[in-house]
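So the chains spell out like this:
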Amino acid sequence: MRAPIPGFTTRFAPAPTGALHLGHAVNAVWVWGLARRFSGTVLLRIEDHDRGRCRPAYEQGILDDLDWLGLAPDGLTTDDFRAGPVPQRQSDNTARYEMRLAELEARGLVFGCRCSRAEIARATNAHEELELVYPGTCRGQGTGVRDQVGLRVIISGEAPERFDDLRLGPQIQDPMTQCGDLLMRDRLSQWTYQFAVTVDDWEQGIDLVIRGEDLLASTGRQLRLARLLGRTTPPAFLHHPLLRHPDGRKLSKSSQDTGLAELRATGWTPARIFGLAAQLSGLQADATPRPLASLADLFD
Ligand code: GLU
C-alpha cells in the first residue's frame, strides 16, 4: 500500500438505511486510522439520498454509535447533525445538486429518460438485478427535462478513466461500457448515489476517498462525472478489503451485518470491535482489542 499525502481530507459516509454494522467498523478503522496517522481530516456525511429507504431513526442510531465508539468527526460534530439541517446531509442539499445539474444542462449534456430498469434490462438482454448498461434509448428523443422522467448525463466515448488506487494500484475503467449515460436523478426526483457523492466529494474538498472494494467499479464514473461537472483535480482513492474470515473466506451476510449496537448490548467494548475489524480487513494478525488511540499504529 502507498501512503497517502499527509493533510488529506476524507469522509465517513454512512447511509441511514440501517444500523452501523461490522462492515462500517472496518471502514471506520481505515478512515480514522489513516487520518490520525497522516494528519488527515475526517468529515461525517449522512448519505440519505435514497428517500424511500432512509429513516431518521437510523440516522440517530448512527450518531449514537459513533459517539459510543469515540469516533469524533472533524468539522461538524454529531451534535451539529442532531441539531438540524447541515450541509453534510444530502437531503439538506437539494439546491446544490440542482445548481450542478443546471450547469450540465446548459451545456447540452442532460436528457430526460422514461426507461424503467425492467425496460433497460429487456432492451439489453441483461438481468435486471445486475448492473445495466444504458443503451441510449431516450438520448436525442427530445424528452424534456421535467418531472417524472429520469435525468441522465451523456457519457461519450472518451478515453477510459485511469487512476492509481493507493492500495490496489493502477486501474482502468470505461464508464461508457460499464454503465453508459449515467442516471443523476430518478423518475421520483431522487438524486442518485453516483451524482450526489460526486458533487459532495468536490464541494466538501474531499481529496482522498477511503472506502470498501465493493465500490471500486463506481470510481471511474465518479471521476468522469466530476470532470464533466468541472472539477479539475480529482481525489485520490483507497479501496480497502471487505470483511474476511481470518482464513480468507468471505464472511456470511449475517455476520457482516452484525449490528454494532447489538455487540455493545452484549458487552463488547469499542476496542474489541476495532480489533476484530482490523483483523478481518487484514490490518492485524489477530483480534487483539485495539483502542481508538492506537488505530493510527495500524498504518505505520
Ligand atoms: N454511502 C455509502 C455506503 O454507505 C458509501 C459511499 C462512498 O463511500 O462512496 O456504503
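Before reading on, note that the structure itself is shown above.
The following paragraphs examine the structure supplied in this document. These figures come from a predicted structure and were not determined experimentally.

1. Re the site of the ligand
Contacts to the ligand come from Arg-11, Ala-13, Pro-14, Ala-15, Glu-47, Tyr-193, Val-197, Arg-211 and Leu-215. Separating an oxygen atom of the ligand from a side-chain N or O atom of Arg-11 is a distance of 2.8 Å. The fraction of the free accessible surface of the ligand (300 Å²) that becomes covered by protein chains is 76%. Here the residues of the shell around the ligand sort into six nonpolar, no polar and three charged.

2. Here we look at the side chain of Arg-231
Counting through the fold element by element, Arg-231 comes out in the loop between helix H8 (219-229) and strand S9 (236-240). Separated by 3.3 Å, the side chain of Arg-231 and the backbone oxygen of Asp-201 make a polar contact. From its side chain, Arg-231 meets the backbone oxygen of Ile-206 in a polar contact 2.7 Å long.

3. A closer look at the pairing of strand S6 (residues 169-173)
It is a general feature of regular strands that their side chains alternate between the two faces of the sheet. Summarising the sheet, strand S5 (residues 161-165) and S6 pair through five bridges and their orientation is antiparallel. Counterpart to Asp-165 in the pairing with S6 is Gly-169. Adjacent in sequence and paired antiparallel, S5 and S6 are bridged by three residues.

4. Some thoughts on helix H4 (residues 94-106)
Each full turn of the α-helix corresponds to 3.6 residues, which orients residues three or four apart in the same direction. Over its 13 residues, H4 runs 18 Å from end to end, which matches the ideal 18 Å to within 8%, given 1.5 Å per residue. For H4, every residue scored as buried is listed here: Arg-96, Tyr-97, Arg-100, Leu-101 and Leu-104. Across the axial projection of H4, the buried residues extend over an arc of 130°, all falling on one side. Of the exposed residues in H4, the ones pointing more than 90 degrees away from its buried face are Ala-95 and Ala-106. Those residues of H4 hidden inside the fold are in contact with strand S3 (110-113), strand S4 (150-153), strand S7 (182-185), helix H7 (193-203) and H8. Backbone geometry just after H4 places Gly-108 at a positive phi near 75°.

5. Remarks on the packing of H7 against H8
Interhelical geometry of H7 versus H8 gives an angle of 60° and a closest axis separation of 9 Å. Considering their axes alone, H7 and H8 lie oblique with respect to each other. You can see that H7 and H8 cross each other, and the crossing is right-handed. Two secondary-structure elements touch here, H7 through Tyr-193, Gln-194, Phe-195, Val-197, Thr-198, Val-199 and Trp-202 and H8 through Arg-221, Gln-222, Leu-225, Ala-226 and Leu-229. Looking at the contact of H7 with H8 residue by residue, the class counts come to eight nonpolar, three polar and one charged.

6. Here we look at the pattern of salt bridges
Taken as a whole and judged by the stated rule, the model has 25 salt bridges. Between Glu-131 and Arg-221 there is a salt bridge, with the nearest N and O atoms lying 2.5 Å from each other. Of this pair, Glu-131 sits in the loop between helix H5 (117-124) and S4 while Arg-221 sits in helix H8, and the two are 90 residues apart along the sequence. By relative accessible area, Glu-131 is classed as partly exposed at 47%. For Arg-227, the salt bridge identified is with Glu-158, shortest N-O distance 2.8 Å. In this pair, Arg-227 is assigned in helix H8 and Glu-158 in the loop between S4 and S5, connecting sequence segments 69 residues apart. Because the salt bridges share partners, they merge into one network encompassing Arg-11, Arg-45, Glu-47, Arg-96, Asp-200 and Asp-201.

7. Quick word on the packing of aromatic side chains
Counted by the stated rule, this structure contains seven aromatic pairs. Ring geometry for Trp-191 versus Phe-195: centroids 5.4 Å apart, planes at 20°, classification stacked. As far as burial versus exposure is concerned, Trp-191 and Phe-195 are alike and both buried. Here the aromatic residues Tyr-97, Trp-191 and Phe-195 are joined through ring pairs into a cluster of three or more. Above the plane of the ring of Tyr-134 lies Arg-152, whose end atom (NZ or CZ) is 3.8 Å from the centre.

8. Section: the environment of Gly-18
Looking at where Gly-18 falls in the secondary structure, it is placed in the loop between strand S1 (9-12) and helix H1 (22-37). Sequence separation between Gly-18 and Arg-55 is 37 residues; the distance between their C-alpha atoms is 8.0 Å. Not counting chain neighbours up to four residues away, the residues in contact with Gly-18 comprise Tyr-58 and Ile-62.

9. Focus: the sheet that holds S3
The sheet built from three strands is open, its strands ordered S3-S4-S7 with antiparallel pairing. Every other strand in the sheet has two partners, leaving S3 and S7 as the edge strands with one partner each. Recorded for the sheet is a direction-independent mean angle of 40° between the axes of neighbouring strands. Relative to S7, S4 runs antiparallel, the two sharing three bridges. From the neighbouring strand, Val-153 faces S7, where its bridge partner is Leu-182. Where H4 meets the sheet, its contacts fall on S3, S4 and S7, and the angle it forms with S7 comes to roughly 135°.

Criteria and thresholds
- Residues numbered from 1 in each chain as written.
- Predicted model: local features only at pLDDT ≥ 70, side-chain atom pairs only at ≥ 80, totals over all residues.
- Heavy atoms only, no water.
- Near = heavy atom within 4 Å.
- Polar contact = N/O pair within 3.5 Å; in protein donor to acceptor, adjacent residues only side chain to side chain.
- Areas by Shrake-Rupley, 256 points an atom, 1.4 Å probe, with all protein chains shown as cover.
- Nonpolar A, V, L, I, M, F, W, Y, C, P; charged D, E, K, R; others polar.
- Helix = DSSP H or I, 4+ residues; strand = E, 2+ residues; numbered from the N terminus.
- Pairing = 2+ DSSP bridges.
- Expected span 1.5 Å × (residues − 1).
- Buried < 20%, exposed > 50% of the residue type's maximum accessible area, 1.4 Å probe, protein only.
- Arc of directions from axis to C-beta.
- Contact = heavy atoms within 4.5 Å.
- Axes fitted to C-alpha atoms, helices over the stretch in contact; angles between N-to-C directions.
- Parallel < 35°, antiparallel > 145°, perpendicular 65-115°, else oblique.
- Left-handed = near helix turned anticlockwise from the far one by under 90°.
- Salt bridge = Lys/Arg side-chain N within 4 Å of Asp/Glu carboxyl O.
- Phe/Tyr/Trp six-rings, centres within 6.5 Å; stacked < 30°, edge-to-face > 60°.
- Lys NZ or Arg CZ within 6 Å of the ring centre and 35° of its normal.

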